[in-house]
Amino acid sequence: FKTTLPKTFKPITELEYPALFSIINEVTTSLNLSPIRKVYICPDATAAVFIQPQLRNILFEPNRNLVIGLGFLTQMDDDEIRAMLYHEFGHYAQVEMKNSISVYTIGQFSRSFVSIKELKKQGTWETQMKLQLLLFTYFAIWICNRINKAYSQLAKQMEYDADDVAIKYVGASTLQKALLHAACIRYNYDVVQWGMQQLQTQKIRVDNHYLALSFVGNYS
């Protein structure tokens, strides 16, 4: 009935990140969207405006949340962050999305459902219950896989539409710069994580891996 958030998501307030919230408010106001419910930061190089899919969202509009990784916040300038947020919020500014939030909810629910591949060890009673529901489970996965196939095509088009929204407000060159920089940061972030693991085997500790990420970005 309600999805859980990763443990790495940390909620933040406007007092802690006034500059970021200023950009968020600018974007939501320009797109005529309702205020964001919660803003989270995480250690990764990622950014997304998301809902926590619930079955009731098929009928009622859900609250929106934003997560943005420190990988982006520590490496991008304000214009790049603004362009990225216009893209992310652009998904919800599309007329099709406003009229079809239930389609998005069903798509996200289906993805969440079929992503469960492994079951924890259970006692005899839980196993019996699972066996009784086995037929329904396989049927539900079959349905959700069909939904996922159609939703993947829709999601791809939505990405292009969100790009169009961002271009309208920040321009094509700024969006291109932001998207390219984001791709580089994601790649370099993985490189830094790998490098830190190698250094740990030599008992070498890196205190600030975002500073290391900046060095790698300048070098590459």
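Here is a short report on the structure shown in this document. This structure is a prediction, so every number in the text was calculated from the model and none was measured.

Examining the environment of His 209
Right, on to step 1. With respect to the element layout, His 209 can be found in helix α9 (residues 209-219).
Right, on to step 2. When the C-alpha atoms of His 209 and Gly 71 are compared, they prove to be 9.4 Å apart, with 138 residues separating the residues in sequence.
Right, on to step 3. Contact partners of His 209, with chain neighbours within four places excluded, come to Tyr 189, Val 192, Gln 193 and Met 196.

Remarks on the environment of Arg 37
Right, on to step 1. Tracing the backbone shows Arg 37 in the loop between α1 (18-30) and β2 (38-42).
Right, on to step 2. Under the relative-accessibility criterion, Arg 37 is labelled partly exposed at 42%.
Right, on to step 3. Separated by 28 residues in sequence, Arg 37 and Asn 65 place their C-alpha atoms 5.4 Å apart.
Right, on to step 4. Contacts of Arg 37, omitting those with residues within four sequence positions, involve Gln 52, Asn 63, Arg 64 and Asn 65.

A few points about the sheet that holds strand β1 (residues 10-12)
Right, on to step 1. Taken in spatial order, the 4 strands make up an open sheet running β1-β2-β4-β3, and their pairing is mixed. Both edges of this open sheet fall to β1 and β3 (47-50), since each of them pairs with a single strand only. Each adjacent strand pair in this sheet contributes to an overall mean axis angle of 25°, direction not counted.
Right, on to step 2. Alignment of β3 against strand β4 (residues 65-69), held across 4 bridges, turns out to be antiparallel. Bridging across to β4, Phe 50 finds its partner in Asn 65.
Right, on to step 3. Sitting on the sheet, helix α3 (residues 78-93) is in contact with β3 and β4, with an inclination near 30° to β3.

Details of the pairing of β2
Right, on to step 1. With 4 of 5 residues buried, β2 is to be regarded as a mostly interior element.
Right, on to step 2. Note: β1 against β2, 3 bridges, orientation antiparallel. Bridging from a neighbouring strand, Ile 12 pairs with Val 39 of β2.
Right, on to step 3. As judged from the 5 bridges shared by β2 and β4, these two strands associate in the parallel manner. Bridging across to β4, Val 39 finds its partner in Leu 66.

Observations regarding the pattern of salt bridges
Right, on to step 1. Summed over the entire model, instances satisfying the criterion amount to 5 salt bridges.
Right, on to step 2. The shortest N-O distance in the salt bridge between Asp 79 and Arg 82 comes to 3.1 Å. In this pair, Asp 79 and Arg 82 are both assigned in helix α3, 3 residues apart and thus about one turn of the helix distant.
Right, on to step 3. Residue Asp 79 is classed as partly exposed on the basis of its relative accessible area, which comes to 47%.
Right, on to step 4. Notably, a salt bridge pairs Asp 207 with Arg 205, separated by 3.2 Å at the nearest N-O pair. Considered together, Asp 207 and Arg 205 belong to a single accessibility category, that of exposed residues.
Right, on to step 5. Among the charged side chains, a network of salt bridges with common partners joins Glu 26, Asp 79 and Arg 82.

Cut-offs used in this document
Residues numbered from 1 in each chain as written. Predicted model: local features only at pLDDT ≥ 70, side-chain atom pairs only at ≥ 80, totals over all residues. Heavy atoms only, no water. Helix = DSSP H or I, 4+ residues; strand = E, 2+ residues; numbered from the N terminus. Contact = heavy atoms within 4.5 Å. Buried < 20%, exposed > 50% of the residue type's maximum accessible area, 1.4 Å probe, protein only. Pairing = 2+ DSSP bridges. Axes fitted to C-alpha atoms, helices over the stretch in contact; angles between N-to-C directions. Salt bridge = Lys/Arg side-chain N within 4 Å of Asp/Glu carboxyl O.

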